[in-house]
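# Overview (structure and organization)
Listed here are the chains, written in short residue letters.
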Amino acid sequence: MSLGTLVLEHTRRVFCGTEAVFGAGKATILVAADAVRHYSVETPLCKRRRVTNAEVVGNRGGKKAGRGRFEAQPWKLSMPLIGSGAAATPPDFADLLKCGGFTETIGASVVYSRTAIPATAGWLAIVNSDGSMATYLAGLITKKLALPDLGTDNAKLDLEGQAAKGAVIYQTMVGTGGITSIAVSLPLAAKHGWVIRGTKPVIAVTEGANTELMQVSAVDQTVTPPVATVVRDFGATGAFAFTVAATVKAYCPAATVTTEVPIEERLGSFTINDGGGAEARTFIKAGVEINCGVELLDPPGLSEFIEGMQPVRYGDDGARVNCDFLYTAGASGVAYLHECSDRNVDCDLVLTVGAVAGNRMVLDADTCEVVDVNAPAIAQGQRKGTAIFGPYNSATGADLTLTFN
């Protein structure tokens with residue numbers, strides 16, 4: 001059993017998807033197929049901007065600061081790089097690639113291509129498997145992805161980005177007065193710990209043999225007890241009345257994920273081609289970093305939340321592929337790489353990770369510059385060289401593709 005599966009099943013589960021409307025989050029209930037395997041996830045709390053009050057009061061300066069709009073919420077996610085194990089089936093993390101401006105084409109293989117005009121945002125839910133806590137993000141974009149240390153460890157995918165909205169809920173109980181089977185105001189314990197910032201968490205309320213799923217749209221902290229506005233019977237399993245102290249938890253479904261193992265350290269290669277034929281080499285270590293070119297909009301001054309996303313220029317370092325390889329005395333390929341770098345000649349790069357059908361990834365960059373080469377001439381024996389490639393596409397921005405086959 002992999003580490004990713006252990007984390008997924010016994011501590012917390014991660015679910016992701018794309019949105020039909022920016023910032024709306026998932027319109028329906030979480031399901032097992034939304035899950036992804038993961039190693040670690042970081043989601044700091046969504047906060048309002050602090051607005052300094054400069055009013056002079058006596059000799060003490062200003063009054064307490066006010067609060068402005070909600071800032072973008074950063075997130076990071078590390079997961080095993082694994083294919084689906086089946087032809088024409090996307091990997092579990094496909095939606096997070098779409099949130100980074102990749103378009104999906106499903107054929108015999110599944111291909112993700114960079115686009116210059118990203119248009120897809122997503123949502124993320126991180127739920128403790130026992131329902132004790134959950135974090136939700138909406139209006140989510142992927143700003144950067146990396147494939148570090150390929151060839152020296154199990155391949156993994158590191159993602160980071162921002163979200164426009166967020167919420168955190170903790171296990172609590174139904175507050176004073178309880179709730180009838182039709183009421184939409186759910187009283188909560190005084191110190192419930194919920195932070196609702198534009199997203200709509202789903203909770204499971206349980207008492208005796210009855211469990212009802214409800215969607216939370218807001219919490220009113222100005223009344224006693226505090227009250228959550230809910231959509232009843234969100235799971236279509238029936239609505240019930242609940243008394244004081246009935247258990248309220250985050251809803252956590254089962255998780256259905258690929259059973260493939262992470263792509264292992266062996267069997268990685270890259271080929272370079274200047275149009276005169278491909279030259280293949282086996283890398284001993286490789287790494288990929290991609291700046292996705294997606295940013296959240298800066299909202300109008302009086303808007304409470306960020307309202308959309310925009311493309312940005314990738315820049316000179318929009319993508320970088322590093323390959324460490326072995327070469328021997330008299331290896332012409334090393335001179336060829338130096339020649340490409342010195343004359344600024346483009347080459348075609350294909351980087352292959354893994355060799356098992358259904359669990360293999362191929363990065364293809366048709367137009368690359370050789371950014372740097374470190375492979376000194378040697379008189380005899382073997383040495384390690386390093387080449388850094390920079391994919392680009394001046395016409396459409398589609399500088400590379402990721403294929404899972």
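What counts as what
- Residues numbered from 1 in each chain as written.
- Predicted model: local features only at pLDDT ≥ 70, side-chain atom pairs only at ≥ 80, totals over all residues.
- Heavy atoms only, no water.
- Helix = DSSP H or I, 4+ residues; strand = E, 2+ residues; numbered from the N terminus.
- Buried < 20%, exposed > 50% of the residue type's maximum accessible area, 1.4 Å probe, protein only.
- Contact = heavy atoms within 4.5 Å.
- Areas by Shrake-Rupley, 256 points an atom, 1.4 Å probe, with all protein chains shown as cover.
- 1 Å grid on protein atoms, 1.4 Å probe; cavity = no way out; pocket = protein on both sides within 12 Å on 5 of 7 lines; lining within 4 Å.
- Points joined across faces, edges and corners; volume = space filled by probe spheres on them.
- Nonpolar A, V, L, I, M, F, W, Y, C, P; charged D, E, K, R; others polar.
- Phe/Tyr/Trp six-rings, centres within 6.5 Å; stacked < 30°, edge-to-face > 60°.
- Lys NZ or Arg CZ within 6 Å of the ring centre and 35° of its normal.
- pLDDT = per-residue confidence, 0-100.
- Salt bridge = Lys/Arg side-chain N within 4 Å of Asp/Glu carboxyl O.
- Pairing = 2+ DSSP bridges.
- Core = buried A, V, L, I, M, F, W, Y, C linked by side-chain atoms within 4.5 Å.
- Lys, Arg positive; Asp, Glu negative; His and termini not counted.
- Polar contact = N/O pair within 3.5 Å; in protein donor to acceptor, adjacent residues only side chain to side chain.

Turning our attention to the overall build of the protein chain. Check the secondary structure of the protein chain and you find three helices and 28 strands. The proportion of buried residues among the 405 residues of the protein chain is 46%. Across the protein chain, contacts joining residues at least 24 apart in sequence account for 69% of those joining residues at least 6 apart. Counting every atom, the protein chain has about 18,400 Å² of accessible surface; 50% of that belongs to carbon and sulfur.

Our focus in this paragraph is the layout of surface pockets. There is about 210 Å³ of room inside the second largest pocket. At the level of secondary structure, the elements contributing two or more residues to the lining of the second largest pocket comprise strand E9 (122–128) and strand E10 (133–150). Residue composition of the lining of the second largest pocket, grouped by class: 12 nonpolar, six polar and two charged.

Attention now moves to the packing of aromatic side chains. In total, this model carries four aromatic pairs according to the counting rule given. Measuring from centroid to centroid gives 5.7 Å for Phe 93 and Phe 404, while their planes differ by 70°, and the two rings are edge-to-face. On the criterion of sequence distance, the pair formed by Phe 93 in the loop between strand E6 (73–80) and helix H2 (94–98) and Phe 404 in strand E28 (residues 401–404) is long-range, its members being 311 residues apart. The class for Phe 93 is buried, based on a relative accessible area of 3%. Exposure remark for Phe 404: the relative accessible area of 7% places this residue in the buried category. Pairing Phe 240 with Phe 242 gives two aromatic rings, centres 6.4 Å apart and planes at 75°, and the pair type is edge-to-face. Owing to a relative accessible area of 22%, Phe 240 belongs among the partly exposed residues under this scheme. Exposure remark for Phe 242: the relative accessible area of 2% places this residue in the buried category. The ring of Phe 305 has Lys 165 sitting right over it, with the charged end atom 5.3 Å from the ring centre.

Across the protein chain, the average pLDDT comes to 86, with 89% of residues at or above 70. In the model, residues 1–9 has pLDDT below 50 throughout and makes 21 contacts with residues more than four positions away in sequence or in other chains.

Our focus in this paragraph is the pattern of salt bridges. Enumeration over the complete set of coordinates arrives at 10 salt bridges. The salt bridge partner of Glu 304 is Arg 48, with a shortest N-O separation of 2.5 Å. Residue Glu 304 is found in the loop between strand E22 (294–296) and strand E23 (309–311), and its partner Arg 48 is found in strand E4 (residues 48–51); the two are separated by 256 residues along the sequence. Here Arg 69 and Glu 71 are joined by a salt bridge, their closest N and O atoms 3.3 Å apart. Judged by relative accessible area, Glu 71 falls into the partly exposed class, the value being 28%. Sharing partners across several salt bridges, the network here consists of Arg 69, Glu 71 and Asp 298.

Overall, antiparallel pairing links the six strands, which are arranged E12-E18-E15-E16-E17-E13 in an open sheet. Strands with a single pairing partner mark the edges of an open sheet, and in this sheet they are strand E12 (172–173) and strand E13 (185–187). Bridging between E13 and strand E17 (residues 227–231) involves three bridges; their strand directions are antiparallel. Looking at the pairing, Ser 185 lines up with Thr 229 of E17.

The biggest cluster of nonpolar side chains holds 66 residues, and the ones touching the most others in it are Leu 351 and Phe 389. Ranked by size, the runner-up nonpolar core spans 35 residues in total, among them Ala 35, Ala 246, Val 248 and Ala 250.

A separate point is the side chain of Ser 78. Mapped onto the secondary structure, Ser 78 falls in strand E6. Beyond its immediate stretch of four places on either side in the chain, Ser 78 contacts His 38, Tyr 39, Ser 40, Lys 156, Leu 157 and Asp 158.

Cis geometry is found at the peptide bond from Thr 224 to Pro 225, where omega equals -5°. Within the secondary structure layout, Pro 225 lies in the loop between strand E16 (210–220) and E17. Despite not being glycine, Asp 149 has its phi angle at roughly 55°, a positive value. Among the structural elements, Asp 149 can be located in strand E10.

One can find Arg 37 in the loop between strand E2 (35–36) and strand E3 (40–42). Comment: no salt bridge for buried Arg 37; closest opposite-charge side chain is Asp 92, at 6.5 Å. For Arg 37, the side chain forms a polar contact with the main-chain oxygen of Thr 258, separated by 3.1 Å. Here Glu 260 takes part through its backbone oxygen, which lies 2.7 Å from a polar atom of the side chain of Arg 37.

On to the pairing of strand E1 (residues 12–18). For E1, the buried fraction is high: five of the seven residues fall into the buried class. For E1 and E9, the ladder comprises seven bridges, and the chain directions are antiparallel. In the strand pairing of E9, Val 14 is matched with Ile 126. As judged from the two bridges shared by E1 and E2, these two strands associate in the antiparallel manner. For Val 14, the partnering residue across the bridge sits in E2 and is Val 36.

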